[in-house]
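Observations on the model geometry
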Amino acid sequence: MTGMYSEKVMEHFRKPKNMGKIEDADAVGTVGNPVCGDLMTIYIKIKDNKIHDIKFQTFGCAAAIATSSMITELAKGKTLDEALKITRDDVANELNGLPSIKMHCSNLAADALHKAIKNYLQKKEREK
Ligand code: FES
């Protein structure tokens, strides 16, 4: 199976960054992958409108774990607007590509991140 993935994917799969849970997260986003049934949750901490801390929990394949790890790296330190602009393709590109049958796995990471941010914005809106 290694041959299918870029070195970068394998690196993130073997040593995922920011894996785990943020107990006092400001917002959480969970999405399920309709293609395979895998599940991903992203936790975010916001400070000064920026993603101060981010962690993920993924119950999924190697590509799902690698993309989760990658997206937490991409999103950390970004403003909410910038983080919302991170696309599924950005994640795959940063990993030097994913096998086409695995592209759906990268959707999970971007969707979970966007969902967490939207949940945060909605929460803010309600607090007003
Ligand atoms: Fe389910 Fe990759 S096979 S996320």
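Just above, that's the structure.
Analysis parameters
Residues numbered from 1 in each chain as written. Predicted model: local features only at pLDDT ≥ 70, side-chain atom pairs only at ≥ 80, totals over all residues. Heavy atoms only, no water. Core = buried A, V, L, I, M, F, W, Y, C linked by side-chain atoms within 4.5 Å. Buried < 20%, exposed > 50% of the residue type's maximum accessible area, 1.4 Å probe, protein only. Helix = DSSP H or I, 4+ residues; strand = E, 2+ residues; numbered from the N terminus. Contact = heavy atoms within 4.5 Å. Pairing = 2+ DSSP bridges. Axes fitted to C-alpha atoms, helices over the stretch in contact; angles between N-to-C directions.

What to know about the nonpolar core
Side chains of nonpolar character tend, in soluble globular proteins, to be buried together. Within the largest apolar cluster, 38 residues are counted, with the highest numbers of intra-cluster contacts made by Ile 42, Ile 44, Ile 51, Ile 71 and Leu 113. Among the elements of the structure, helix H1 (7–14), strand E1 (27–32), strand E2 (39–47), strand E3 (50–59), helix H2 (62–75), helix H3 (80–84), helix H4 (88–94) and helix H5 (103–127) are those that each provide at least two residues to this core. Among residues more than four places away in sequence, those in contact with Leu 113 are Ile 42, Ile 51, Ile 54, Ile 71, Ala 75, Ala 83 and Ile 86.

A look at the pairing of E1
Only one face of E1 is buried, namely the one carrying Ala 27, Gly 29 and Val 31, since none of Val 28, Thr 30 and Gly 32 on the opposite face is buried. Hairpin connection, E1 to E2: the antiparallel pair is bridged by 6 residues, and Gly 37 has positive phi, about 85 degrees.

Observations concerning the sheet that holds E1
Strand order in this open sheet of 3 strands is E1-E2-E3, and the pairing throughout is antiparallel. Lying at the two open borders of the sheet, with one neighbouring strand each, are E1 and E3. Sheet twist, expressed as the average angle between the axes of neighbouring strands with direction ignored, equals 15 degrees. Two strands pair when backbone bridges link them, and E1 and E2 are joined in this way by 6 bridges, in the antiparallel orientation. When the bridges of E2 are listed, Ala 27 appears paired with Ile 44. On the sheet, H2 packs against E2 and E3 and is oriented at approximately 175 degrees with respect to E3. Contacting E1, E2 and E3, H5 runs over the sheet at an angle of about 140 degrees to E1.

Everything listed is a geometric property; what it means functionally is a separate question.
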